[in-house]
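Inside the fold
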Amino acid sequence: MTQSSTTPRPLIAGNWKMNGLSVALDEARAVAAALDERPAAARVAIFPPATLLHRLADVLAGSVVLVGGQDCHAKTSGAHTGDISAEMIGDANGTMVIVGHSERRTDHGETCQHVAAKVEAALVAGLEPIICVGESLEQRQAGEAVSFVIGQLHNSLPASLKGQAFSVAYEPIWAIGTGHVASVDNIIEMHAAIRAELISLFGEQGGGVPILYGGSVKPDNAAEILAAPEVGGALVGGASLKAKDFLAIIEAA
Ligand code: PEP
């Protein structure tokens, strides 16, 4: 992996989305046991559905695997049926949270302003956010991918991130869960543009913020993607559900 200035450990993040009953805890146990035996170069985190958050945190207590929420509300508490707050994720022993995933932006109409407010809430609760950005197929075909993603990034990152630990995940919408992966050239171009924007927003700190790639990362393509310049890890959906596949991706980092 090639990165500018200070290079943190890569982050491999498993997003279980709306998948996972009690039996899925065994997969997380298997990941933790394997990493205990053979420590990984990467930091590893799992983002289960909210129903499993507390139990997964218990299962992974004392292991190197971090746990986080898939989303949080911008408010601490209140009349928001079905939502969970960043404080609740922390109370369930989660330490991270994904915000601005394209499925949230699309399914729930979340704007960059909502995402920025959620990031603020995450920071107040002491959580480390992963902030997702990514273009649609139409935007890519129209040649607008980079300008759209950089605009999205600019509007999703509050100034309060200065000095705080966070990551950005570039996830082209057309590559999520489809088996279509962005070409390495596309990834390199986008990650370089994201890096430049991070440096312009946060100075030296922006040079070290991990930029994850997400979109159909699998055991057979992970090494090539993770070796690309400015790729600081991966946000993995489908392939994070099985310990064997997730471990193979972790080992590629
Ligand atoms: C994701 O959930 O963010 C994702 C990238 O999913 P998948 O790896 O299944 O494409």
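Structural notes, computed from the coordinates. Since the structure is predicted, the reported quantities are computational estimates derived from the model, not experimental observations.

Re the pairing of strand β5 (residues 128-133)
Here β5 lies mainly inside the structure; six of its six residues are buried. Along β5, one buried face is formed by E128, I130 and C132 and the opposite face, lined by P129, I131 and V133, is buried too. In this sheet, β5 lies alongside strand β4 (residues 96-99) in parallel orientation, the contact comprising four bridges. By the bridge assignment, V99 is partnered in β5 with I131. Bridging between β5 and strand β6 (residues 167-170) involves four bridges; their strand directions are parallel. Each bridged residue has a counterpart across the sheet, and for C132 the counterpart in β6 is A169.

Digging into the pattern of salt bridges
Counted by the stated rule, this structure contains eleven salt bridges. Between R29 and D26 there is a salt bridge; the shortest N-O distance is 2.5 Å. Of this pair, R29 and D26 both sit in helix α1 (residues 25-37), three residues apart, roughly one helical turn. Residue classification places R29 among the partly exposed positions, given a relative accessible area of 43%. With a relative accessible area of 43%, D26 lands in the partly exposed category.

A word on the environment of P219
Tracing the backbone through its elements, the reader meets P219 in the loop between β7 (211-214) and α9 (222-226). Note: C-alpha distance between P219 and A182 (37 residues apart in sequence) is 15 Å. With sequence-adjacent residues up to four places away left out, P219 is seen in contact with D245, A248 and I249.

The rules behind the values
- Residues numbered from 1 in each chain as written.
- Predicted model: local features only at pLDDT ≥ 70, side-chain atom pairs only at ≥ 80, totals over all residues.
- Heavy atoms only, no water.
- Buried < 20%, exposed > 50% of the residue type's maximum accessible area, 1.4 Å probe, protein only.
- Helix = DSSP H or I, 4+ residues; strand = E, 2+ residues; numbered from the N terminus.
- Pairing = 2+ DSSP bridges.
- Salt bridge = Lys/Arg side-chain N within 4 Å of Asp/Glu carboxyl O.
- Contact = heavy atoms within 4.5 Å.

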